[in-house]
2 protein chains.
Amino acid sequence: MKRFKLTVAYDGTNYCGWQIQPNGITVEEVLNTHLSELLKEDIHIIGASRTDSGVHAYGNVAVFDSETRIPGEKISYALNQRLPKDIVIQKSEQVADDFHPRYCDTRKTYEYQIYNAEFENPLFSRYSHFVGRPMDIEKMQEAASYIVGEHDFASFCASKGQQKTTVREIYELNICREGNLVKLRIKGNGFLYNMVRIIAGTLMHVGTGLYKPEDVKVIIEAKDRSKAGPTAPAKGLRLIEIEYF
Amino acid sequence: MKRFKLTVAYDGTNYCGWQIQPNGITVEEVLNTHLSELLKEDIHIIGASRTDSGVHAYGNVAVFDSETRIPGEKISYALNQRLPKDIVIQKSEQVADDFHPRYCDTRKTYEYQIYNAEFENPLFSRYSHFVGRPMDIEKMQEAASYIVGEHDFASFCASKGQQKTTVREIYELNICREGNLVKLRIKGNGFLYNMVRIIAGTLMHVGTGLYKPEDVKVIIEAKDRSKAGPTAPAKGLRLIEIEYF
C-alpha cells in the first residue's frame, strides 16, 4: 500500500463544501468517486481542510492509500480527465506512509476578496463579497497589525468549533487594493472555525468606519464572538496554500 | 423625449451575446424587457458594441429614448434592482438628443486573459483561456509592437465583417503577467469583427514559439485572414471601456 498526496483546486460555488454530507454534493465525494473508478479500488481520501459550503480553494490537500502502479505524479493527469471542470488537481505525488494532512506542522494561507465600488461588478461577484461604501485601506492595515502574532482568537471563532485551544499564531495579514478589488491575505499556523471570515467581516467594519482600528485590540481581548464583526460570506474566501514542515 | 446613456457590465457566460437573436437570450433583450417594465414604455436600446456570445463586458454602452421623469443618474439604481445578477448598470445619465453610441469618435479598450500554467485553475477558467505550454511574454511584447499604430488589419478580420475599410489605429497593446495570468490590454479607435480575439490567438502562438515576433509584421502585410493565428475563445475577452470624444 502506498500513500499519495493531492493538491486540489476547486470553484466551491456548486459544492456543499469539502466534507461528505447527506444533503448535497461535496468535493470529497466527487474525488472519492472518480479516484475509485480510476484506480478500481474503494478510495477514501483524507482532506487537510474541510472548507465550508461555497468556499473556494487553489491549494487544498488530500491523501489516500492505494495499491495502484500509476506513478504518483501521473495520477493528476489521469484524474483531471475524469473530474468535472470546477475541480482540478494541481499536483499529485507519492508521500511517506505516515504522512497525515491534518496532524503535521503546517502554515495555511487564505485570501479574502472584497469588491469595493458604488456598483457590483458581475465579473467579480462569483469570487468576492461586494461592499458599496468606501473602505479605508490604511485603517484596515492598522487594524490588521493587532491580529498578527500569537493570540487567543476566541472572539473570532464560530460556536461550532470544538478545539482544545483557541490560541493561534498569525504570521502575516496583508491588505491591498487593486482597483476596486480589496484583497486580504492571511497566513497562520492554523485557523478556528470561520476565523478568516470573521476577521474579514471585522476588518470590513474597520474599513467602512463602523469600528476604529484599535477596537480590534479590544475585540481580541474580549474572547467573545459577539464582540467581533459579522462572518463575511463564503464566496469571497479561498484557501491558497498549505505548507508542510 | 429625452436620451439616456447606460454603462453596462455583464458576465457573458450565459448570454448569446449582445444583439437580439431568435435562438437564445441576449443582453440587449434583457435590458429592453426590464427597462420597458421599469419605465412603462416600449424601450429599444441601441448598443455601442455588439459583443459576441460568451464575451464579457465591464463598460459596454447603450442609449435609449424615454419620456420618464426619473432623473438620468437614478435609473441605474432602479434598473439594477430588476436585472439578473450577471448584468449590472455601472452608470446612467441623460445625454444630448443626438448622441449615438456607434456614430461618434471613440476609443475602445478590451482585455484578453490567458491562464498559463501546467494545470487549469477552476477559479480562473470562467474568464480566461487556458494555455498549458509556457509562454514567453517578452516575445509577445515584441510582436505586439508591430500591431500598435495605424494598419490595414484585414488579416485580423473574420469573414463575417462587412465594413468599408479594414484600416484601424491601435493606440496601445500591453501584455503583462500576474502570476499565472497573462493579460493583453488593447486600445484602439475601432475593431473589426473578431479582431481582438484573432490578435490574442496570434500572440498566443508567438508566446508558445509557433510564430516568431517578426512574423506578425508579415501577417499584417499579407492582408489575409488565413495567415494569422486562431480566434481565441470568447470567454477570455472583456470589453473594458468605451471613451467618447
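Residues numbered from 1 in each chain as written. Chains lettered and ligands numbered in written order. Predicted model: local features only at pLDDT ≥ 70, side-chain atom pairs only at ≥ 80, totals over all residues. Heavy atoms only, no water.

(A) Representation of the overall build of chain A within the structure. Within chain A, the regular secondary structure consists of five helices and ten strands. Relative to the globule expectation of 18 Å for 245 residues, the C-alpha radius of gyration of chain A, 19 Å, shows essentially globular dimensions. Its C-alpha atoms put chain A at 60 × 40 × 30 Å along the principal axes. A total of 245 residues make up chain A; the buried ones form 55% of that total. Taking all contacts inside chain A whose residues are at least 6 apart in sequence as the whole, residues at least 24 apart take part in 71%. For chain A, the computed accessible surface area is about 11200 Å², with 47% contributed by carbon and sulfur atoms. Distance between charge centroids for chain A: 2 Å, based on 31 positive and 32 negative side chains. (Helix = DSSP H or I, 4+ residues; strand = E, 2+ residues; numbered from the N terminus. Rg over C-alpha atoms; globule rule 2.2 N^0.38 Å. Buried < 20%, exposed > 50% of the residue type's maximum accessible area, 1.4 Å probe, protein only. Contact = heavy atoms within 4.5 Å. Areas by Shrake-Rupley, 256 points an atom, 1.4 Å probe, with all protein chains shown as cover. Lys, Arg positive; Asp, Glu negative; His and termini not counted. Charge placed at Lys NZ, Arg CZ, Asp CG, Glu CD.)

(B) The packing of aromatic side chains, seen in detail. Overall, the coordinates contain 14 aromatic pairs over all chains when judged by the stated rule. Taking the centre distance of 5.1 Å and the plane angle of 45 degrees together, the rings of Tyr77 of chain A and Phe119 of chain B count as tilted. In this pair, Tyr77 of chain A sits in helix α2 (residues 72–80) while Phe119 of chain B sits in the loop between β5 (106–116) and β6 (129–131), so the two residues belong to two different chains. A residue is classified by how much of its surface remains accessible, and Tyr77 of chain A, at 39% relative accessible area, is partly exposed. Ring centres 5.9 Å apart and planes at 40 degrees place the aromatic pair Tyr10 of chain B and Trp18 of chain B in the tilted group. Across the pair, Trp18 of chain B and Tyr10 of chain B agree in class, each one buried. Against the face of Tyr171 of chain A rests Arg107 of chain A, its NZ or CZ located 4.2 Å from the ring centre. (Phe/Tyr/Trp six-rings, centres within 6.5 Å; stacked < 30°, edge-to-face > 60°. Lys NZ or Arg CZ within 6 Å of the ring centre and 35° of its normal.)

(C) Region of interest: the interface of chain A and chain B. Across the boundary between the two partners, chain A contributes 26 residues, which contact 25 residues of chain B. Together chain A and chain B conceal approximately 2000 Å² of surface at their shared face, both sides included; 59% is due to carbon and sulfur atoms. Our count for the chain A to chain B interface comes out at four residue pairs in polar contact (both at pLDDT 80 or more). Considering every element that reaches the side of chain A that touches chain B, the biggest residue donor is strand β4 (residues 87–95) of chain A, with four residues. Grouping the constituent residues of the side of chain A that touches chain B by class yields 13 nonpolar, six polar and seven charged. (Buried area = accessible area lost by both parts, 1.4 Å probe. Polar contact = N/O pair within 3.5 Å; in protein donor to acceptor, adjacent residues only side chain to side chain. Nonpolar A, V, L, I, M, F, W, Y, C, P; charged D, E, K, R; others polar.)

(D) Layout of helix α1 (residues 27–39) of chain A. All names here are of chain A. Between its first and last C-alpha atoms α1 spans 18 Å; for 13 residues at 1.5 Å apiece the expected length is 18 Å, and the two agree. Taken across its 13 residues, α1 has ten buried, putting it largely inside the fold. Along α1, the residues classified as buried are Val27, Glu28, Val30, Leu31, Asn32, His34, Leu35, Ser36, Leu38 and Leu39. If you follow the buried residues of α1, they end up packed against β1 (2–10), β3 (56–66), α2 and β4. Just beyond α1, the residue with positive phi is Lys40, at close to 55 degrees. (Expected span 1.5 Å × (residues − 1).)

(E) Fine view of the relation of the copies chain A and chain B. For the pair chain A and chain B, the superposition axis carries a translation of 0.0 Å, the fit reaches an RMSD of 0.0 Å, and the rotation angle comes to 180 degrees. Considering both components of the superposition, the chain copies are consistent with a two-fold axis. Identified as the residue of chain A closest to the rotation axis by C-alpha distance is Arg126 of chain A, at 4.9 Å. Here 96% of the interface residues in chain A have copies in chain B that are interface residues too; the copies meet face to matching face. (Least-squares fit on C-alpha atoms with pLDDT ≥ 70 in both.)

(F) Representation of the side chain of Lys108 of chain A. Relative to the helices and strands, Lys108 of chain A is located in strand β5 (residues 106–116). Lacking a salt bridge, the buried Lys108 of chain A has Asp105 of chain A as its closest oppositely charged neighbour, with an N-O distance of 12 Å. (Salt bridge = Lys/Arg side-chain N within 4 Å of Asp/Glu carboxyl O.)

(G) Examining the environment of Glu37 of chain A more closely. All names here are of chain A. If you trace the backbone, Glu37 turns up in helix α1. You can call Glu37 partly exposed: its relative accessible area is 43%. For Glu37 and Gly190, which are 153 residues apart along the polypeptide, the C-alpha to C-alpha distance reads 33 Å.

(H) The arrangement of the confidence of the model for chain A in detail. Per-residue pLDDT for chain A has a mean of 96; in total, 99% of the residues score no lower than 70. In the predicted complex, the global pTM is 0.94; the interface-specific ipTM is 0.92. (pLDDT = per-residue confidence, 0-100.)

(I) Seen up close, unusual backbone geometry. A positive phi angle, close to 55 degrees, is found at Lys40 of chain A, a residue other than glycine. By the element assignment, Lys40 of chain A lies in the loop between α1 and β2 (46–47). In this structure, Lys223 of chain B is a non-glycine residue whose phi angle is positive, near 50 degrees. Looking at where Lys223 of chain B falls in the secondary structure, it is placed in the loop between α5 (215–222) and β10 (237–244).

(J) Here's a closer look at the environment of Asn121 of chain B. For Asn121 of chain B, the location among the structural elements is in the loop between β5 and β6. Judged by its relative accessible area of 3%, Asn121 of chain B is buried. Here the alpha-carbon distance between Asn121 of chain B and Asn180 of chain B, two residues 59 residues apart in the chain, equals 9.3 Å. Those residues in contact with Asn121 of chain B that lie beyond four places of it in its chain are Tyr58 and Gln90 of chain A together with Tyr115 of chain B. Within polar-contact distance, the side chain of Asn121 of chain B engages the side chain of Tyr115 of chain B at 3.3 Å.

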